[in-house]
Amino acid sequence: MTSSFAERRPASLVAGVRAVINKDLLLEWRSRARVNATIFFAFLTLLLFLFAVGPDTHIMAQSAAGYLWLAVLLSSVLSLGESFRMEAENAALEGLRLLPVDPKAMFLGKAIANTLFLFLLAVILVPVTVAMCGVEVQGSLMHGVAILFLGAAAISAPGTLYAAIASQVRARDVLLPLLLFPVLIPAIIGAVKATKLLFAGDPMGDLGRWTALLIFFNATYWLLCLLLFGRVVEE
Amino acid sequence: MTLPSSSMVVQLNNVSKRYGRRWALVQLTFAIPEKSSVLLTGGNGAGKTTLLRMLATSLKSTRGEVRIFDKLSGVDNDLIRPRLALVTHDSHLYDDLSAEENLSLVGHFLPWVDMRRMGDILERVGLAPRRASAVRGFSAGMRRRLCMGRMLLVEPELVLLDEPFGQLDPPGVALVEEIIREVQQKQVTLVMSTHDVERGEALCDHHLHLKSGRVLRAVEPLGEPGEATRIAQELEARGGWH
């Protein structure tokens, strides 16, 4: 034996989180076809909303923020489900549990990797939305990045928890949106309102309130999901 | 002879496990002495896999108490899990990662593992030429070899093997036998389920037989060659517990 069993302590939380993020991003990179399909699905969703509204540029510009976040939300169901499909295949999640990997590291690693992917998706969709809806962006780039990141993080925290729950049942594809969408209503309202103010301007100074709502939602759900994740992944 | 609890690696006290309405394990009570090799036999659906996953702390018992290394399963899992390895039908591998990347993951999560041994281990299990290939292209036998390699890398104190010879070609079977003997020389406790009772008997010194989730032969030392095969056949032929 190379080490006594008293010395056998798992990796620190930070090292564990880093290892999970690296693993998930590597797996996403290896399955680029699935990632591309998710991005294409988001574009298609955006296009369908625009076709449904018709050629009225005023309505399109007014509703652009809503189309953007609905496209991100609907695509998130695919990417969140996929992140746990990889874990369900060959019972890899059981393997991680038995190594053992701290469930907190598992949750944080997967939720951060999901946030990064959804943030990237939102960043790709913004110029397309702006161009197609004829929006003249009034807000600053820094505010825009912050809102997109907070919105992506708000979807990812409960999304990661519910994707873990849904991955354990047969009707996982149906269950995930049923669980996730009602919970995300405040976050989506906050993200849409804040993005709308960034697009159309913020003469009344309301952006801070919607940003605060997103920060509060994130703080609550990241903490809650972090505490609950261990119970979900253990039998 | 009753051994003191400290020399028992596994202790089950009146343990039952229920899936929905079906009882997979019913009131199991037995102990496994340290450094012993236990052959776990039983027909399909006898509860062998459920028992092994319970010993690995992956499943919780519905009733009763499971102690591994004198620690309570479900409570002290963080203390138990670093000391055991489970090799089962599910490979616990990521199909989109290579053999090397799958083993490297272990090193990222378990800092005590000496990753310099990885090359030798891949060589040992015959996967060195395919070290950079994605596991998705591996046959079932190759996956089993990689799982055995991961077990060697972790150097556990308790090894749980579920049908270790399944899906292997003759050289693969010989390799697994060799690895099991190597592990036994390191004074590791082994629990192995197999339908190949003769082969398992040659490797083990104790026998545990399950039928319909009940223990028909508790962990008892094996005597003359062929004893486990004969007893398993007799117990299966006997009526009841269906």
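All values reported here derive from a predicted model rather than from experimental measurement.

A. How the structure looks around the overall build of chain B. The number of helices and strands found in chain B is eight helices and 10 strands. Here chain B has a C-alpha radius of gyration of 18 Å; the compact-globule value for 242 residues is 18 Å, and the two agree. On the principal axes, the C-alpha backbone points of chain B span a range of 50 × 40 × 35 Å. Residues classed as buried in chain B amount to 48% of the 242 residues present. If you take every contact in chain B between residues at least 6 apart in sequence, the share linking residues at least 24 apart comes to 68%.

B. Representation of the overall build of chain A. A tally of helices and strands in chain A yields eight helices and zero strands. Along the chain direction, N to C, the helices and strands of chain A fall in the order α-α-α-α-α-α-α-α. A compact globule built from 235 residues should have a C-alpha radius of gyration of about 18 Å, and chain A, at 19 Å, falls within 12% of that. For chain A, the spread of C-alpha atoms along the principal axes amounts to about 70 × 35 × 30 Å. Looking at chain A as a whole, 44% of its 235 residues qualify as buried. A separation of at least 24 residues holds for 84% of the contacts in chain A among residues at least 6 apart in sequence.

C. Here's a closer look at the sheet that holds strand 2 (residues 22-33) of chain B. Residues and elements named next belong to chain B. One open sheet accounts for four strands, arranged 2-1-4-5; its pairing is antiparallel. Where the open sheet ends on each side, the last strands, each with one partner, are strand 2 and strand 5 (71-72). Bridge analysis of strand 1 (residues 8-19) against strand 2 gives eight bridges, and the strand direction is antiparallel. Paired with Arg 18 across the strands is Trp 23, a residue of strand 2.

D. Broad picture of the confidence of the model for chain B. Model confidence for chain B is summarised by a mean pLDDT of 90, while 96% of its residues fall at 70 or above. For this predicted complex, the interface score ipTM comes out at 0.89, while the overall pTM is 0.90.

E. How the structure looks around helix 8 (residues 207-233) of chain A. All names here are of chain A. The end-to-end C-alpha distance of helix 8 is 38 Å, a good match for the 39 Å that 27 residues give at a rise of 1.5 Å each. Leu 227 marks where helix 8 bends most, by close to 35 degrees. Listing the buried residues of helix 8 in full gives Trp 210, Leu 214, Phe 217, Asn 218, Tyr 221, Trp 222, Cys 225, Phe 229 and Val 233.

F. Structural detail: the nonpolar core. Judged by nonpolar contacts, the single largest core of 145 residues is most densely connected at Val 72 and Ala 154 of chain A together with Leu 160 of chain B. No other element matches the 15 residues that helix 5 (residues 103-133) of chain A contributes to this core.

G. Molecular detail of unusual backbone geometry. Note that the residue after Leu 99 of chain A, namely Pro 100 of chain A, is joined by a cis bond; omega there is 5 degrees. Within the secondary structure layout, Pro 100 of chain A lies in the loop between helix 4 (92-98) and helix 5. Positioned with a positive phi, Asn 14 of chain B is a non-glycine residue whose angle comes to about 55 degrees. With respect to the element layout, Asn 14 of chain B can be found in strand 1. Residue classification places Asn 14 of chain B among the exposed residues on the basis of 12 C-beta atoms within 10 Å.

H. Looking closely at the sheet that holds strand 7 (residues 158-162) of chain B. Residues and elements named next belong to chain B. With respect to topology, six strands assemble into an open sheet ordered 6-7-8-3-9-10, the strand pairing being mixed. Two strands in the sheet have a free side with no partner beyond their single neighbour: strand 6 (84-87) and strand 10 (214-221). Put simply, the sheet's adjacent strands are angled 10 degrees from each other on average, direction ignored. Bridging between strand 6 and strand 7 involves four bridges; their strand directions are parallel.

I. Spatial organisation of the interface of chain A and chain B. Counting residues at the interface gives 28 residues for chain A and 29 residues for chain B. When residues of the side of chain A that touches chain B are traced back to their parent elements, those giving at least two are helix 1 (13-30) and helix 4 of chain A. Per-element tally for the side of chain A that touches chain B: the top contributor is helix 1 of chain A, with six residues. Of the residues in the side of chain A that touches chain B, the class split is 14 nonpolar, six polar and eight charged.

J. Examining the environment of Gln 187 of chain B more closely. Residues and elements named next belong to chain B. Within the secondary structure layout, Gln 187 lies in the loop between helix 6 (170-185) and strand 8 (189-193). Its 10 C-beta neighbours within 10 Å are what place Gln 187 among the exposed residues. Here the alpha-carbon distance between Gln 187 and Ser 36, two residues 151 residues apart in the chain, equals 8.2 Å.

K. Expanded view of the pairing of strand 9 (residues 206-211) of chain B. All names here are of chain B. Of all the six residues making up strand 9, six are buried; the element is thus mostly covered by neighbouring parts of the structure. Here strand 9 shows a buried face lined by His 206, Leu 208 and Leu 210 and a second buried face lined by His 207, His 209 and Lys 211. Across four bridges, strand 3 (residues 37-41) lies against strand 9 in parallel orientation. In the strand pairing of strand 9, Thr 41 is matched with His 209. Both strand 9 and strand 10 contribute to a ladder of five bridges, which runs antiparallel. If you follow His 207 over to strand 10, its bridge partner there is Glu 220.

L. Molecular detail of the pairing of strand 1 of chain B. All names here are of chain B. What sits between the antiparallel neighbours strand 1 and strand 2 is a turn of two residues, in which Gly 20 has the positive phi angle 60 degrees. One ladder, built from five bridges, connects strand 1 with strand 4 (residues 63-68); its direction is antiparallel. Bridged to Val 10 within strand 4 is Ile 68.

What counts and how
Residues numbered from 1 in each chain as written. Chains lettered and ligands numbered in written order. Predicted model: local features only at pLDDT ≥ 70, side-chain atom pairs only at ≥ 80, totals over all residues. Helix = DSSP H or I, 4+ residues; strand = E, 2+ residues; numbered from the N terminus. Rg over C-alpha atoms; globule rule 2.2 N^0.38 Å. Buried ≥ 20, exposed ≤ 12 C-beta atoms within 10 Å, placed from the backbone. Contact = placed C-beta atoms within 7 Å. Pairing = 2+ DSSP bridges. pLDDT = per-residue confidence, 0-100. Expected span 1.5 Å × (residues − 1). Bend = angle between axes of the 7 residues up to and from the residue. Core = buried A, V, L, I, M, F, W, Y, C linked by C-beta atoms within 7 Å. Axes fitted to C-alpha atoms, helices over the stretch in contact; angles between N-to-C directions. Nonpolar A, V, L, I, M, F, W, Y, C, P; charged D, E, K, R; others polar.

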